[in-house]
Amino acid sequence: MANDRLLLDIRNLSIHYEVEDGTVRAVEGLNLRLGYGETLGFVGETGAGKTTTALGIMRLVPSPPGRVVKGEILFEGEDLLKKSEAEMRSVRGGKIAMIFQDPMTSLNPVITVDRQIAEMVALHQDVNEKEALERAVEMLALVGIRPERAKDYPHQFSGGMKQRVVIAIALACDPALLIADEPTTALDVTIQAQVLELMKELKRKLNTSMIMITHDLGIVAETCDKVAIMYAGRVVEYAEKRRLFLNPVHPYTQGLFNSLPELDEEQEELKTIPGLMPDPTDLPPGCPFHPRCGYAGPQCATESPAMVEVEPGHLVACPVRARKGDKP
Amino acid sequence: MQTATTATKKRRNGVGEVLHRIGKSPMAVAGLVILAVIFFLAVFADVIAPVHYAKQNLMHAFEPPSAQFWLGTDEFGRDILSRIIYGARISLMVGFISVGIAMCVGGVLGAVAGYYGGRTDNLIMRAMDILLSIPSILLAIAIAASLGPGLFNLMIAVGIAAIPQYARIVRGSVLSIRGQEFVEAARAVGSSDARIIFKHILPNCMAPIIVQGTLGVATAILVAAGLSFIGLGTQPPIPEWGAMLSGGRSYIRDYPYMTLFPGIAIMLTILALNFVGDGLRDALDPKLKR
């Protein structure tokens with residue numbers, strides 16, 4: 001893929017947290033690409049490094065203890081890791097916006113919602129206060145909140161509406177990339193559907209690229225174009241959504257799909273992947289998944305698996321399964 | 001922390017709500033009424049006071065309370081009631097301005113310490129610990145002595161002595177709010193550190209600061225009276241309550257009303273401020289709602 005067609009190109013990114021018990025390798029040699037207008041689903045268990053990667057892109061990894069050890073984050077062709085703090089401030093919000101997990105806590109309780117949106121606008125666009133507030137009301141209308149609610153405080157809104165406000169803030173400056181960190185985890189199922197629908201619609205309208213961080217494969221199926229499966233700080237499988245859902249190759253991805261309950265079968269127990277996520281301060285050598293993997297051979301414990309293309313645009317970090325090339 | 005956030009919400013949501021809750025506490029209402037009266041006296045002292053505070057009348061020196069001089073006169077025949085009324089001005093001004101100084105300086109120091117943490121935090125808070133290790137009245141005496149006597153220096157001395165308390169309170173509140181998601185969200189929209197501290201964090205920790213401030217005014221008035229009593233505060237003929245106590249102390253056996261009435265004025269003011277402070281604390285704390 002040519003470089004100029006990529007909005008975001010993360011190369012060999014490693015982010016470590018230095019803590020008392022050692023080094024937490026939260027993200028290790030991660031590669032990821034995102035084209036203009038695409039939505040990428042970023043799937044993994046808690047602790048797989050999804051949020052750390054997102055914070056890394058924003059250059060907001062808490063430091064200390066966090067540290068970007070190596071790698072490049074090319075955004076519109078420029079390495080974000082080389083930018084100054086002042087330059088990053090204009091990128092944050094202006095070009096890359098983030099939606100946090102919990103709308104209950106990601107709004108400032110003592111500022112009215114229109115002012116919170118206006119703040120974003122005022123920080124990145126050359127407007128006066130009145131224009132910023134007008135823009136705020138427009139944004140609220142866009143996410144389906146009536147203008148007379150603009151002067152309300154966050155606690156006067158329900159969870160779903162707060163998340164709409166958060167989305168309005170994120171999109172107020174028309175960012176090129178929207179990172180949504182589990183935007184629906186804190187919401188109940190019906191509201192989840194509404195919020196996802198809204199995000200999909202706005203993404204289409206504003207032609208924003210999006211990274212959707214989630215552990216819910218259903219949300220991925222609903223919203224994404226491409227999927228990256230993350231395990232222990234690495235991307236283990238990356239493919240177009242349909243391919244990945246029809247033909248998961250990596251043993252971990254297969255394990256994830258197998259663990260979903262079947263609708264048309266009686267099931268006593270869910271099928272689980274044996275074992276637990278490895279301790280991130282003490283990752284096993286070679287492939288981090290090999291202790292839990294049914295296909296593991298002797299080389300898996302020694303060689304770090306490279307990404308192999310099993311079909312066009314479908315990359316898998318498992319040489320064993322890639323060689324077999326078996327289809328389900 | 002949750003307490004503070006919710007409390008601030010309430011307050012912002014309606015000053016009326018807080019007033020309503022203060023209204024449920026008779027002590028706080030009494031405090032508010034007394035304070036209102038003292039404020040009224042202070043503001044309209046020129047109109048209310050029977051004579052000017054410096055007006056001497058040696059013919060009537062040391063007169064006990066009478067119809068002409070309600071609270072008696074001092075050694076120069078000055079009307080004690082008038083001096084107490086004018087003194088309210090000085091005392092309230094000293095109280096509020098010195099607390100204002102302490103709140104601004106201490107607040108900024110505490111916020112910076114709490115927000116940045118690490119070495120900055122250590123440096124600032126250890127300096128505050130050193131200040132705290134000296135009894136505040138001694139500290140104020142030392143500062144007032146080095147600055148020289150006078151009303152302005154008095155306020156500075158009392159203010160500086162109170163800085164550590166505010167720094168501590170603000171630091172604690174900032175620490176608890178710093179980790180919240182909306183602060184990270186503010187960073188993610190590209191806010192600068194100063195903007196995050198002053199616009200996002202500090203407004204969320206106003207409740208404990210307001211309460212401490214109210215109680216702090218009482219302490220400041222007391223410390224200021226103490227300094228004036230030992231001669232480091234306001235200079236004659238300015239009618240500061242502490243200075244009046246000091247002036248009357250040589251005559252305390254024969255003319256006790258010369259010290260009694262300024263003392264009562266100080267006591268009433270402090271009491272009222274403490275009542276209001278306690279009431280505010282309860283009103284701003286939703287956990288004590290019922």
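Quick notes on the rules
- Residues numbered from 1 in each chain as written.
- Chains lettered and ligands numbered in written order.
- Predicted model: local features only at pLDDT ≥ 70, side-chain atom pairs only at ≥ 80, totals over all residues.
- Heavy atoms only, no water.
- Axes fitted to C-alpha atoms, helices over the stretch in contact; angles between N-to-C directions.
- Helix = DSSP H or I, 4+ residues; strand = E, 2+ residues; numbered from the N terminus.
- Parallel < 35°, antiparallel > 145°, perpendicular 65-115°, else oblique.
- Left-handed = near helix turned anticlockwise from the far one by under 90°.
- Contact = heavy atoms within 4.5 Å.
- Nonpolar A, V, L, I, M, F, W, Y, C, P; charged D, E, K, R; others polar.
- Salt bridge = Lys/Arg side-chain N within 4 Å of Asp/Glu carboxyl O.
- Buried < 20%, exposed > 50% of the residue type's maximum accessible area, 1.4 Å probe, protein only.
- Pairing = 2+ DSSP bridges.
- pLDDT = per-residue confidence, 0-100.

**Quick notes on the packing of helix H3 (residues 113-124) of chain A against helix H5 (residues 159-171) of chain A**
Residues and elements named next belong to chain A.
- As a packed pair, H3 and H5 sit with axes 8 Å apart at the nearest point and diverge in direction by 20°. Considered as vectors, H3 and H5 are oriented roughly parallel to each other. For the element pair H3 and H5, the recorded crossing hand is right-handed. Touching Val-113, Gln-116, Ile-117 and Met-120 of H3 are Val-165, Ala-168, Ile-169 and Ala-170, all from H5.
- Looking at side-chain class alone, the contact of H3 with H5 contains seven nonpolar, one polar and no charged residues.

**Some details on the pattern of salt bridges**
- One pass over the structure, following the stated rule, counts 24 salt bridges over all chains.
- Note that Asp-114 of chain A and Lys-151 of chain A form a salt bridge whose closest N and O atoms lie 2.7 Å from each other. Here Asp-114 of chain A, found in helix H3, pairs with Lys-151 of chain A, found in the loop between helix H4 (129-142) and H5; they are 37 residues apart in sequence, far enough to count as distant.
- Asp-114 of chain A sits in the buried class, given a relative accessible area of 2%.
- What makes Lys-151 of chain A exposed here is its relative accessible area of 51%.
- Between Asp-129 of chain B and Arg-126 of chain B there is a salt bridge, with its nearest N and O atoms 3.0 Å apart. Placement of both Asp-129 of chain B and Arg-126 of chain B in helix H6 (residues 118-133) is noted, with a separation of three residues, approximately one turn of the helix.
- Sharing partners across several salt bridges, the network here consists of Asp-9, Arg-11, Arg-33 and Glu-72 of chain A.

**A closer look at the sheet that holds strand S4 (residues 66-75) of chain A**
Residue and element names in this part refer to chain A.
- Read across the sheet, four strands follow the order S2-S1-S4-S5 without closing on themselves; strand pairing throughout is antiparallel. Whereas interior strands pair on both sides, the edge strands pair on one side only; in this sheet they are strand S2 (22-35) and strand S5 (78-79).
- Where strand S1 (residues 6-19) meets S2, ten bridges bridge the pair, whose relative direction is antiparallel. Opposite Tyr-17, over in S2, you have Val-24 as the bridge partner.
- Against the sheet, helix H1 (residues 50-58) touches S1, S2 and S4, its axis set at about 110° to S1.

**Observations regarding the confidence of the model for chain B**
Residue and element names in this part refer to chain B.
- Averaged over every residue, the pLDDT of chain B is 83; the share at 70 or more is 93%.
- Per-element mean pLDDT across chain B ranges from 45 in helix H1 (residues 2-13) up to 91 in H6.
- In the model, residues 1-12 has pLDDT below 50 throughout and makes 30 contacts with residues more than four positions away in sequence or in other chains.
- Both scores are available for the predicted complex, with the pTM at 0.76 and the ipTM at 0.78.

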